[in-house]
Amino acid sequence: MSANIEKFIIGLPKAELHLHLEGSLEPEQMFEFAGRNKIDIPFKSIDEVKKAYEFSQLQDFLDIYYTGMNVLQTEQDFYDLTANYLRKVASENTKHVEVFFDPQGHTERGVEFKTAVTGIHNALREVGGELGVTSKLIMCFLRHLDEASAVATLEDAAPFKHMIMGVGLDSSELGHPPSKFERVFGLAKEQGYKLVAHAGEEGPVEYIYEALDLLRVDRIDHGNRCMDDPKLVARIAEEKIALTICPLSNLKLCVVDDMSDHPMKKMLDAGLIATINSDDPSYFGGYMNDNYLSTAKALGLSIDDLIQLARNGFIGSFLEQDEIDGYLAQIDDYVAEFNS
Ligand code: HPA
Ligand code: ZN
């Protein structure tokens, strides 16, 4: 790959639409929080943590992800976690982020909903404000738990509704189809939340249909498996449903065997609003620029492909149209300057 493309990616204004804050917990912070909260973690050193990050499927990762998040105890922990992520993002010219958190991953172990949401929200507002990074917050339901627990979480969220833009669905996909959560997504829609769901990462194409038809999502997280079904691809393109694709996550979780097999270029050629995101950057070995770089390198993406990907990030966001237009103009200005 030319040095030119690398330089282009680094300066390109980007949006991230698929990021689990708990998955941005770097090993150094894991030790720091474990120390200050007196929590035992099953690792002796940062090296040992990094060595444990070898996965052959989604569940391998989730087991370690839920262990890692045990160190998050206080509002300050959630604030510091979010602030650290935002600083990284700003250094990479990512201008807008729509981030997930997993409230049940915290309430299930005795940390209150309020503690997590307040810490995250304050950091998004204060640190994001200082750095010039705009944001939206999305709470995900854990699909390995039952729907009643998701409904209780939606009720917990009510006093904090002004802090939360949308609801999502994550965790172990196989055996937990979107249909399991039809009722709670209906309630969330009535309450005015935007809706997203992980579907078609490991799960079959039927799960993507269910997310669209039963949950009535505004955006699909991952969705790679739609490429098995040309009719579905045509529908997703026609309905302008954005896909939040996570290339390094796909590689680490063996959704693709090799980055050169990644469907990203085919998705763009099919007219899908495909976007590049980092998912759980601390666990999968890279933030936004690494995801852009490794995809561009493996698939030989052109400057025009990269511009389209960056534009898709804003077009697929939950920003207002005038805000989207402002960011698209920033991309245009960047491209004009880069070419001059
Ligand atoms: N898939 C499902 N659940 C998750 C993921 C993911 O990639 N990351 C964090 N929770
Ligand atoms: Zn995810």
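Residues numbered from 1 in each chain as written. Chains lettered and ligands numbered in written order. Predicted model: local features only at pLDDT ≥ 70, side-chain atom pairs only at ≥ 80, totals over all residues. Heavy atoms only, no water.

If you walk through the whole model with that rule in mind, you get 16 aromatic pairs. An aromatic cluster is present here, built from Tyr53, Phe55, Phe61, Tyr65, Tyr66, Tyr283 and Phe284 joined pairwise through their rings. Over the face of the ring belonging to Phe318 we find Arg219, whose NZ or CZ atom lies 4.0 Å from the ring centre. (Phe/Tyr/Trp six-rings, centres within 6.5 Å; stacked < 30°, edge-to-face > 60°. Lys NZ or Arg CZ within 6 Å of the ring centre and 35° of its normal.)

The immediate surroundings of ligand 1 are formed by His20, Leu58, Phe61, Leu62, Tyr65, Asp170, Ser171, His198, Glu201, His222, Asp279 and Asp280. Within the contact set of ligand 1, a nitrogen atom lies 2.9 Å away from a side-chain nitrogen or oxygen of Glu201. Asp279 places a polar side-chain atom, nitrogen or oxygen, 2.8 Å from an oxygen atom of ligand 1. Burial of ligand 1 by the surrounding chains reaches 100%, relative to a free accessible area of 260 Å². Looking at which element gives the most residues to the shell around ligand 1, the answer is helix α4 (residues 58–68), with 4 residues. The residue makeup of the shell around ligand 1, split by class, is 4 nonpolar, 4 polar and 4 charged. (Near = heavy atom within 4 Å. Polar contact = N/O pair within 3.5 Å; in protein donor to acceptor, adjacent residues only side chain to side chain. Areas by Shrake-Rupley, 256 points an atom, 1.4 Å probe, with all protein chains shown as cover. Helix = DSSP H or I, 4+ residues; strand = E, 2+ residues; numbered from the N terminus. Nonpolar A, V, L, I, M, F, W, Y, C, P; charged D, E, K, R; others polar.)

What follows covers a negative patch on the surface. A cluster of acidic residues, Glu320, Asp322, Glu323 and Asp325, forms a negative patch at the surface. Structurally, Glu320 is set in the loop between α16 (303–315) and α17 (321–339). (Patch = residues over 30% accessible without salt bridge, like charges linked within 9 Å, V, L, I, M, F, W, Y side chains within 5 Å. Salt bridge = Lys/Arg side-chain N within 4 Å of Asp/Glu carboxyl O. Lys, Arg positive; Asp, Glu negative; His and termini not counted. Charge placed at Lys NZ, Arg CZ, Asp CG, Glu CD.)

Scanning the model with the defined rule gives 12 salt bridges in all. One salt bridge in this structure joins Glu98 and Arg219, with 2.8 Å as the shortest N-O distance. Note that Glu98 is positioned in strand β2 (residues 94–101) and Arg219 in strand β6 (residues 219–222), a separation of 121 residues in sequence. As far as the burial class goes, Glu98 and Arg219 line up, both buried. Residues joined by salt bridges that share partners form a network here, namely Glu32, Arg36, Asp77 and Asp80. (Buried < 20%, exposed > 50% of the residue type's maximum accessible area, 1.4 Å probe, protein only.)

Moving on: the coordination of the zinc ion (ligand 2). Ideal geometry at a metal centre: 109.5 degrees between donors when four sit tetrahedrally, and 90 or 180 degrees when six sit octahedrally. Protein-derived coordination of the zinc ion (ligand 2) comes from His18 (NE2), His20 (NE2), His198 (NE2) and Asp279 (OD), at a distance range of 2.0 to 2.3 Å. Classification of the site at the zinc ion (ligand 2) rests on its 4 donor atoms, whose angles at the metal span 80 to 173°, yielding the label irregular. Of note, the donors binding the zinc ion (ligand 2) are all from one chain and are spaced H-x1-H-x177-H-x80-D. Placement of the pair is His198 in strand β5 (residues 194–199) and Asp279 in the loop between β8 (274–276) and α14 (281–284), with a sequence separation of 81 residues. Exposure class is identical for His198 and Asp279. Each is buried. (Donors = N, O, S within 2.8 Å, 3.2 Å for Na, K, Ca; no water. Tetrahedral: all angles 85-135°; square planar, octahedral: opposite > 155°, others 65-115°.)

On average, residues of the chain score 97 in pLDDT, and 100% of them are at 70 or above. Per-element confidence in the chain is highest for β2, whose mean pLDDT is 99, and lowest for helix α3 (residues 46–52), whose mean pLDDT is 92. (pLDDT = per-residue confidence, 0-100.)

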